[in-house]
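For reference, the chains in residue letters:
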Amino acid sequence: MRFSNAYKKAERENEQRKKMEQAAKETAANIEAARKSNKNQDKRKQSEGQDAIVAELQAKYRNKDKRHKEASDGAIENIISDLKNEPYRRADGIRRSLRRTQQENMRPSILSDEMVI
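Below or above, wherever it landed, is the structure these notes cover. (Residues numbered from 1 in each chain as written. Predicted model: local features only at pLDDT ≥ 70, side-chain atom pairs only at ≥ 80, totals over all residues. Heavy atoms only, no water.)

1. Considerations on the overall build of the protein
The condition is simple: Comment: elements are numbered from the N terminus, with helices defined as DSSP H or I runs of at least four residues and strands as E runs of at least two. A simple rule labels every residue: compare its accessible area, found with a 1.4 Å probe on the protein chains alone, to the largest value its type can have, and call it buried under 20%, exposed over 50%, or partly exposed in between. Here, Shrake-Rupley sampling with a 1.4 Å probe gives the accessible areas, and only protein chains in the shown set may cover a residue.
Each helix and strand in the protein was counted, giving three helices and zero strands. The helix and strand sequence of the protein, counted from the amino end, reads α-α-α. Evaluated residue by residue, the protein yields a buried proportion of 1% over its 117 residues. Put simply, the protein shows about 12,100 Å² of open surface, and 53% of that area lies on carbon and sulfur atoms.

Rendered as structure tokens:
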């Protein structure tokens, strides 16, 4: 009787141990699957974020190209060539020389109390 009870008890313990090992394997497999799915989701999120950044940069680049194309229709070149042919003149018609103004600044000015009459 003791032997049969001890044998049955040992069999139950073995079955419980096998069930526990199987449950541990299943939970480990579930954890691994969850990690893989999280990695895949992270990769998707990261790639979506990168795609959004790339799309934004491409849109900015396209806008810059449009602005550049609008300005490069020859208007600036025409203005520069016109200024070379006919230089800008002031509205009051006075032509001043830069050298002349620099020389005047270098000369000492005579103050009214220094003037001899």
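2. Some thoughts on a positive patch on the surface
Selection rule: Grouping into patches uses exposed residues only, defined as over 30% relative accessible area, and leaves out salt-bridged ones; the cut-off is 9 Å for like charges and 5 Å for nonpolar side chains (Val, Leu, Ile, Met, Phe, Trp, Tyr). In the sections that follow, a salt bridge refers to a side-chain nitrogen of Lys or Arg positioned within 4 Å of a carboxyl oxygen of Asp or Glu. We count Lys and Arg on the positive side and Asp and Glu on the negative side, and we leave His and both chain ends out. Working definition for charges: the position is that of NZ of Lys, CZ of Arg, CG of Asp or CD of Glu.
There is a patch of like positive charges on the surface, built from R35, K36, K39 and K43. Inspection of the secondary structure puts K36 in helix α1 (residues 2-71). Since its relative accessible area comes to 51%, K36 is described here as exposed.

3. Quick look at the packing of aromatic side chains
The condition that has to hold: In this analysis, rings of Phe, Tyr and Trp, with Trp reduced to its six-membered ring, are considered paired at centre separations within 6.5 Å, and the interplanar angle assigns stacked below 30 degrees, edge-to-face beyond 60, and tilted for intermediate values.
For the structure on display, the rule yields one aromatic pair. Ring centres of F3 and Y7 lie 6.3 Å apart, and the angle between their planes is 25 degrees; this geometry places the pair in the stacked category. Placement of the pair is F3 and Y7 together in helix α1, with a separation of four residues, close to one helical turn.

4. A short note on the pattern of salt bridges
Applying the stated criterion across every chain, the model contains one salt bridge. A salt bridge links E56 to K60; its shortest N-O distance comes to 3.8 Å. A residue pair is termed a helical-turn pair when its members lie 3 or 4 positions apart in one helix, as E56 and K60 do in helix α1 at four residues. Look at E56 and you get partly exposed, because its relative accessible area is 47%. On the accessibility criterion, K60 (46% relative accessible area) is partly exposed.

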